[in-house]
Amino acid sequence: MSVVRTIFLQCQPASISPISSPSSSSSKCVSVKFSVSCCSVASPVTVVNGNIDRKPYERNEVRLGLPSKGRMATDTIDLLKDCQLSVKQVNPRQYVAEIPQLSNLEVWFQRPKDIARKLVSGDLDLGIVGLDTVNEYGQGDEDLILVHEALDYGDCRLSLAIPKYGIFENVNSLKELSQMPQWTPERPLRVATGFTYLGPKFMKENGLSHVTFSTADGALEAAPAMGIADAIVDLVSSGTTLRENNLKEIEGGVILESQAVLVASRRSLTQRKGVLDITHEMLERFEAHLRAVGQFTVVANMRGSSAEEVAERVLSQPSLSGLQGPTIGGSGVLVSPLTYIFDEETPRWRQLLSNLGL
């Protein structure tokens, strides 16, 4: 897409002498106007007085970003399927798909970090990623709003880990780590991480001033043993990989508890047609389905002189009482899992409208 921008600059005449008037004063500033043509894959932005006005890109369809690979991608597709929102992808090599039940919605498969970035830029309206990704690549952007903060998969934690051996053998808390005399401006604590925003932010907030960070995307657990780092900041699930590499988490060292979340652009929710309606539909299905997980309907025959007697007997056992009392009657015992349990109104929907000021 070809983009043309018109920019105004205030410059000293000495730097643009070819277009300066001979009669101009040496202390006078002049305005220079020029156009720049370029190719861009991002949404256009307008610069006004040095501030970026990020408006939703002019398009009609609503865009949902989903992880393209890995366990998070598989679990996300499964959740949508369980909520009767199956993703239809004509070709598995394509990055765009659709959910037939949600009209005017495009599904875009992206790397998780690109989902967060494109929500900020306005190229996506909604996304499902880990909370750690939102915080790392969203970097506190006020436009990002959590619609559902607990989709019940992708559980992990972003944590600081140090070796079990050597000078760290008796260090078991963040406070003890920060009080070690080894860390000086000349010899700072060396941390390897792929979280170059959350890692330094956490250290600064916890008073560790003599720290340097090296960027790495994989095999962080090997960095201390190789001698290229003293500690790491990485995602931890079970902790098995840390233990197998003689590393340990410490008290106070958990930076963030994370799981899959539904996140949206505040601008899209308030300015783009259809985004709020699609968000409402997804949110209702997610909440109703997650509430139903682990719940079952049981229909059974029970002996008794009256429905009231049977009901009283069942209600005396809390484990059998159900949500609003027992179901009586039937020709046998039927047990079936529930798909949805709907509230009169979705609590997170009320919270979202409040956050949007609607």
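Nothing here was measured: the structure is a model prediction, and the numbers come from that model.

Peer 1: Please provide a residue-by-residue account of helix 11 (residues 347-356), values included.
Peer 2: If you check which residues of helix 11 are buried, you get Trp349, Leu352, Leu353 and Leu356. All buried residues of helix 11 fall inside an arc of 95° around its axis, so they share one side. Contact partners of the buried residues in helix 11: strand 9 (144-148), helix 8 (266-271) and helix 9 (275-292). One or two positions beyond helix 11, positive phi appears at Gly357, with a value near 70°.

Peer 1: With reference to specific residues and values, describe helix 9.
Peer 2: An ideal rise of 1.5 Å per residue puts 26 Å on 18 residues; helix 9 measures up with 26 Å between its terminal C-alpha atoms. Within helix 9, 13 of the 18 residues are buried, which leaves it mostly tucked inside the rest of the structure. Downstream of helix 9 by one or two residues, Gly294 has phi in the positive range, about 85°.

Peer 1: Now, about the packing of helix 9 against helix 11: what can you tell me, with residues and values included?
Peer 2: One way to put it is that helix 9 packs onto helix 11 with a least axis distance of 9 Å and a crossing angle of 145°. Within the contact between the two elements, helix 9 uses Leu276, Thr279, His280, Leu283 and Glu287 and helix 11 uses Pro347, Arg348, Trp349, Leu352, Leu353 and Leu356. Split by residue class, the contact of helix 9 with helix 11 holds seven nonpolar, two polar and two charged.

Peer 1: Break down the nonpolar core for me, citing the residues and quoting the values.
Peer 2: The biggest cluster of nonpolar side chains holds 35 residues, and the ones touching the most others in it are Leu151, Met282 and Phe286. When residues of this core are traced back to their parent elements, those giving at least two are strand 5 (62-67), helix 1 (70-82), strand 7 (105-110), strand 8 (126-130), strand 9, strand 15 (260-265), helix 9 and helix 11. Tallying contributions element by element places helix 9 first for this core, with seven residues. Excluding residues within four positions of it along the chain, Leu151 makes contact with Leu79, Ile128, Gln259, Ala260, Val261, Leu262, Phe286 and Leu290. The next biggest cluster of nonpolar side chains, apart from the first, holds 32 residues, and it includes Val134, Leu160, Val171 and Met180.

Peer 1: I'd love a proper account of the sheet that holds strand 11 (residues 189-193), names of residues and values included.
Peer 2: Overall, mixed pairing links the five strands, which are arranged 12-11-13-10-14 in an open sheet. Edge positions in the open sheet fall to strand 12 (211-215) and strand 14 (247-258), since each of these has one partner strand only. Each strand axis lies, on average, 25° off the axis of its neighbour in the sheet, ignoring direction. Pairing geometry for strand 11 and strand 12, over five bridges, is parallel. Looking at strand 12, one finds that Arg190 is bridged to Thr212. In the packing of helix 3 (residues 131-138) onto the sheet, contacts are made with strand 10 (156-163), strand 13 (231-236) and strand 14, and the angle to strand 14 comes to roughly 80°. Contacting strand 10, strand 11, strand 12 and strand 14, helix 5 (residues 198-205) crosses the sheet at an angle of about 110° to strand 14.

Peer 1: Break down the layout of surface pockets for me, with residues and values.
Peer 2: A volume near 950 Å³ is recorded for the largest pocket. Considering the residues around the largest pocket, the lining is formed by 36 residues, among which Pro112, Asp132, Thr133, Phe195 and Leu235 are closest to the centre. Within the residue set of the lining of the largest pocket, elements represented by two or more residues are helix 1, helix 2 (112-121), strand 8, helix 3 and strand 13. For the lining of the largest pocket, a count of residues per class yields 13 nonpolar, 12 polar and 11 charged.

Peer 1: Please set out the pairing of strand 5 residue by residue, giving values where relevant.
Peer 2: Burial within strand 5 is extensive, with six of its six residues counted as buried. Residues of strand 5 alternate between two faces, with Val62, Leu64 and Leu66 on one and Arg63, Gly65 and Pro67 on the opposite face, all of them buried. In the sheet, strand 5 pairs with strand 7 via six bridges, with the strands oriented parallel. Residue pairing in the sheet places Gly65 in a bridge with Trp108 of strand 7. The sheet contact formed by strand 5 and strand 8 spans two bridges and is parallel. The partner of Gly65 across the bridge, within strand 8, is Gly127.

Peer 1: So what's going on with the confidence of the model for the protein chain? Residues and values would help.
Peer 2: As a note on interpretation, predicted positions should not be read in detail where pLDDT is low. When the pLDDT values of the protein chain are averaged, the result is 82; 80% of them are 70 or greater. Ignoring residues within four places in sequence, the model shows residues 1-52, a span with pLDDT below 50, making 60 contacts including any to other chains.

Rules of the game
- Residues numbered from 1 in each chain as written.
- Predicted model: local features only at pLDDT ≥ 70, side-chain atom pairs only at ≥ 80, totals over all residues.
- Heavy atoms only, no water.
- Buried < 20%, exposed > 50% of the residue type's maximum accessible area, 1.4 Å probe, protein only.
- Helix = DSSP H or I, 4+ residues; strand = E, 2+ residues; numbered from the N terminus.
- Arc of directions from axis to C-beta.
- Contact = heavy atoms within 4.5 Å.
- Expected span 1.5 Å × (residues − 1).
- Axes fitted to C-alpha atoms, helices over the stretch in contact; angles between N-to-C directions.
- Nonpolar A, V, L, I, M, F, W, Y, C, P; charged D, E, K, R; others polar.
- Core = buried A, V, L, I, M, F, W, Y, C linked by side-chain atoms within 4.5 Å.
- Pairing = 2+ DSSP bridges.
- 1 Å grid on protein atoms, 1.4 Å probe; cavity = no way out; pocket = protein on both sides within 12 Å on 5 of 7 lines; lining within 4 Å.
- Points joined across faces, edges and corners; volume = space filled by probe spheres on them.
- pLDDT = per-residue confidence, 0-100.

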